[in-house]
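Descriptive analysis of the structure
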Amino acid sequence: MTAFEQEFLEKYLNFGLGSMPKSDIDALVMHLLDQHGYSGSPPLSQYSNQSVSELLRTPVSKVKRLRYDAALKFGGRVEDQAQARLLAALSRASLEPEGDKVCLIIEDTLAKNWLQGQLKKSQQIFEHSFNTEIVKVSARGLFDVLEAFFDKKAIADFRKGYELTLAKKSQAAIKREFKQLVINFAHTAAKKAGAEVVALFKQQIMPGL
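For the structure given in this document, a descriptive report is provided here. Keep in mind it's a predicted model, so treat the numbers as computed, not measured.

Some points on helix α3 (residues 49–56)
Those residues of α3 not exposed but buried are N49, V52 and S53. Angularly, the buried residues of α3 cover 105° about the axis, an arc narrow enough to put them on a single face. R57 sits one or two residues past α3 and shows a positive phi near 55°.

Focus: the pattern of salt bridges
A complete count under the given rule lists 13 salt bridges for this structure. A salt bridge links K22 to D26; its shortest N-O distance comes to 2.8 Å. Separated by four residues within a single helix, K22 and D26 lie in helix α2 (residues 22–36), roughly one turn from each other. Taking relative accessible area as the criterion, K22 reaches 59% and is therefore assigned exposed. Residue D26 is classed as partly exposed on the basis of its relative accessible area of 23%. Between D24 and K73 there is a salt bridge; the shortest N-O distance is 2.5 Å. Placement of the pair is D24 in helix α2 and K73 in helix α4 (residues 60–74), with a sequence separation of 49 residues. Of the residues examined, D24 reaches a relative accessible area of 18% and is grouped as buried. With relative accessibility at 45%, the residue K73 sits in the partly exposed group. Each of R77, E79 and D80 takes part in a single network of salt bridges with overlapping partners.

Here is what the cut-offs are and how they apply
- Residues numbered from 1 in each chain as written.
- Predicted model: local features only at pLDDT ≥ 70, side-chain atom pairs only at ≥ 80, totals over all residues.
- Heavy atoms only, no water.
- Buried < 20%, exposed > 50% of the residue type's maximum accessible area, 1.4 Å probe, protein only.
- Helix = DSSP H or I, 4+ residues; strand = E, 2+ residues; numbered from the N terminus.
- Arc of directions from axis to C-beta.
- Salt bridge = Lys/Arg side-chain N within 4 Å of Asp/Glu carboxyl O.

Shown next as structure tokens:
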């Protein structure tokens, strides 16, 4: 019996045969596909909603909803999930040309809502473009959120690296160094956050990062 099958049966039979609603079964299958992959693929959590939509022949809107339901019902502690998914998004972040805003692409509804909630707590402003999956946040606001949850030394190194990066004269150099900076920070912060965050983070990042 595969890990997928074992986990499915354990959760499906938890409250007795036939007791799980269809909506929960769908969310459970999505959760397991994101963890274990489909037909020899890596975990689907590494793929965009659009790619999963094409693979599973399911509307993008339904993929997003199922992933959100799966995270809430089967993904473990919401805070651990949100932190891991935020770090995964941060590892792919870009810096706006002015250097004062960080652009994050966050398809995941749970992580996006959590980040926006934390920014509001810190009275920081975030922006949406026409694409609601793109979140732009001031560097100051982002550091405020990170400092509340992640390793202090890793954040201090990140902040110092960010300031040194901005001092570069070439936009190409700034872009290149910021990309490496966020990758290094995301991996370090995940490791310092504990085993659960590390495991969730590894599920989210693309191979090779």
